[in-house]
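# Structure assessment
Here are the chains, one letter per residue:
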Amino acid sequence: MPKPRELRRRIRSVENTRQITKTMEMVATSKLKRATDRVIAARPYAAALSEIIGELYSPDLAERFPLLRQVGDRVGRVALVLITSNRGLCGAFNGNLIRLAKQRMEELNRQGTEVELHGIGRKGIGYFRYIGHRLASQRQDIGDKPTPRHAAEVMAPLMERFASGEIDAVEVVFAKFNSPLSTPPTVMRILPVTPVSAAGSGKGGGRGNYILRPSAEAIVEAVLPLYVQNAMFRALVETAAAEHGARRTAMKNATDSAGEMIEMLRRTYNRARQAQITQEIAEIVGGAEALKG
Amino acid sequence: MKVVILSPERPVFEGEATAVVAPAYDGEVGILPRHAPFMTLLGEGRLLVRRQEGTQEFKVKGGFLQVRQDTVRVVAEYATEVTNADS
C-alpha cells in the first residue's frame, strides 16, 4: 500500500491540474460565447451576397467571368486550404480536421487531380511538416479572431490563379459550426462559385425590374470576389468558434476525470491513514503488554 | 422606409429612416421612401441616414446598395458608424 504522504502529494497535484482545466473551461466558455456571436452576426451579410448573385446570375454571365468558370469533370489542379487552430488542448478537434484533409487529398489524387495544400493554423501546418508533406502556403497569424481582411489576403492569390487557369478549384477544410456540440469537419468548394440561382429562387425575370447602375455585369463583377472572400471569412469564423466549443468540452471532461481521480485517491489515502493509526495503536498496546509482563 | 446596413462582420444599422444619402461608385445618390427598385455599386465615403430623431453618419467602402420594397439594403465591404464625438 502506498504511503499516506505520497498519496497526499498526488492528491494535491491532481487538484492543481483540476483547477487549471476548470479555469481553461471557463475561459473557453466565455470565448465561445463571443465567437458564436460573431458567427451569427456575419450571417446577414453572407445571405445578402448570395441573394444578390442569385438574382443577377444568368448562364451567359458564366462564360464572361473567370470566377464563374465551370470546370466540369476535368479538374487538373486543386488548392486545398486546411484551417486548424493555433492552439492545442481541444480534444480531437485538429486531428479530425487533419484526417478529413488527408482523406480529401487521397480522394482527389485517385481521380488524377493534383492537390496543393495551403495551411492556416499552427496545428495543421505542424502535422504536415512533421510527415514531410509540402505546403504551398501557410499562415499562423490569424488566430481566433479572424477579420474579413484576413480572408481577403488568403483568397487574393488563389482567386488570381484560379482566374488565370493555373488551378481549377479551391476547396477549404474547416469545422462547420452548427452548435457548440456539433462542429463536423467539412469540405467546402469555394471556387468555382456555384451558381446559387439554379437551386434557390427560380425567378430569372426578377432582374429586369431593377434599375441597375452601372450594369448587371459590373455589379456581378464587383460582388463575386466579395462573395468568395466571404465564404473564406465564414469558414475562418466558424472554425474559430468550433475550436472554443471543442476546447470547452475537452476541458470539461478533463475537469470531471480529475475530480474522479481525486475521489479515488482520497479513498485510498483515508484507508492508508486508518491502517497506519491501527498499526500504531497495536504497537503501543503490544509495548504496554510487554512492560506489564 | 426600412434601412439595413451590413458589414461582413455584423449588421451595423437597422431601422426606419426618412432619407438615405449614399456614396455610389460615380457620386452620391439620395434615396427617399417609395424609391423604385434599384441597385448600384458603392464607392468610398460617408453614408447618411436621416431619421426623425436626427441624422446618423457611417463610413462605408465597397459593396453595393439595393432598394426593394421600400427597403434600402447597404451591403458594404467595410462599414462603421461615425460617432458624434469625431464629427
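To be clear, the structure that these remarks concern was listed above.
Keep in mind that this is a model prediction, so the values were computed, not measured.

Rules and cut-offs
- Residues numbered from 1 in each chain as written.
- Chains lettered and ligands numbered in written order.
- Predicted model: local features only at pLDDT ≥ 70, side-chain atom pairs only at ≥ 80, totals over all residues.
- Heavy atoms only, no water.
- Pairing = 2+ DSSP bridges.
- Helix = DSSP H or I, 4+ residues; strand = E, 2+ residues; numbered from the N terminus.
- Axes fitted to C-alpha atoms, helices over the stretch in contact; angles between N-to-C directions.
- Polar contact = N/O pair within 3.5 Å; in protein donor to acceptor, adjacent residues only side chain to side chain.
- Patch = residues over 30% accessible without salt bridge, like charges linked within 9 Å, V, L, I, M, F, W, Y side chains within 5 Å.
- Areas by Shrake-Rupley, 256 points an atom, 1.4 Å probe, with all protein chains shown as cover.
- Salt bridge = Lys/Arg side-chain N within 4 Å of Asp/Glu carboxyl O.
- Buried < 20%, exposed > 50% of the residue type's maximum accessible area, 1.4 Å probe, protein only.
- Contact = heavy atoms within 4.5 Å.
- Buried area = accessible area lost by both parts, 1.4 Å probe.
- Phe/Tyr/Trp six-rings, centres within 6.5 Å; stacked < 30°, edge-to-face > 60°.
- Core = buried A, V, L, I, M, F, W, Y, C linked by side-chain atoms within 4.5 Å.

Now for the sheet that holds strand 2 (residues 11–16) of chain B. Backbone hydrogen bonds are what pair the strands of a sheet, in a parallel or an antiparallel way. The strand order across the open sheet built from 6 strands is 6(A)-5(B)-8(B)-9(B)-1(B)-2(B), with neighbouring strands paired in mixed fashion. Bordering the open sheet on either side are strand 6 (211–213) of chain A together with strand 2 of chain B, each of which pairs with just one other strand. Along the sheet, successive strands turn relative to each other by an average axial angle of 5°, direction set aside. Bridge count for strand 5 (residues 38–41) of chain B against strand 8 (residues 64–68) of chain B is 4 bridges, and the pairing is antiparallel. Among the inter-strand pairings, B:Phe38 is bridged to a residue of strand 8 of chain B, identified as B:Val67.

A few words now on the side chain of A:Thr21. With respect to the secondary-structure elements, A:Thr21 resides in helix 1 (residues 4–41). Within polar-contact distance, the side chain of A:Thr21 engages the backbone oxygen of A:Arg18 at 3.0 Å.

Turning our eyes to something else, we now look at a nonpolar patch on the surface. Together, A:Ile277, A:Ile281 and A:Val285 make up an exposed nonpolar region whose accessible area comes to about 240 Å². Overall, A:Val285 belongs to the partly exposed group, its relative accessible area being 46%.

Taken together, the contacts link 26 residues of chain A with 25 residues of chain B. Summing both partners gives a buried area of about 2100 Å² for chain A against chain B, and 68% of it is carried by carbon and sulfur. Summed over the three residues of chain A that lose the most area to chain B, namely A:Tyr45, A:Tyr210 and A:Arg213, the buried surface amounts to 31% of that side. In this assembly, chain A and chain B are joined by 4 salt bridges. Across the salt bridge formed by B:Asp26 and A:Arg213, the nearest N and O atoms sit 3.2 Å from each other.

The next point concerns the packing of aromatic side chains. Residue and element names in this part refer to chain A. Applying the stated criterion to the full structure yields 2 aromatic pairs over all chains. Pairing Tyr 127 with Phe 128 gives two aromatic rings, centres 5.1 Å apart and planes at 85°, and the pair type is edge-to-face. With a relative accessible area of 26%, Tyr 127 lands in the partly exposed category.

What follows concerns the nonpolar core. Nonpolar side chains tend toward joint burial in soluble globular proteins. Counting residues in hydrophobic clusters, the biggest one holds 79 residues, and the most contacted among them are A:Met155, A:Leu191 and A:Met232. Ranked by residue count, the leading element in this core is helix 7 (residues 216–292) of chain A, at 17 residues. Apart from residues lying up to four places away in sequence, A:Met155 is in contact with A:Val170, A:Ile190, A:Leu191, A:Val228, A:Gln229 and A:Met232. By size, the runner-up hydrophobic cluster in this structure holds 23 residues, among which are B:Phe13, B:Ala17, B:Ile31 and B:Leu65.

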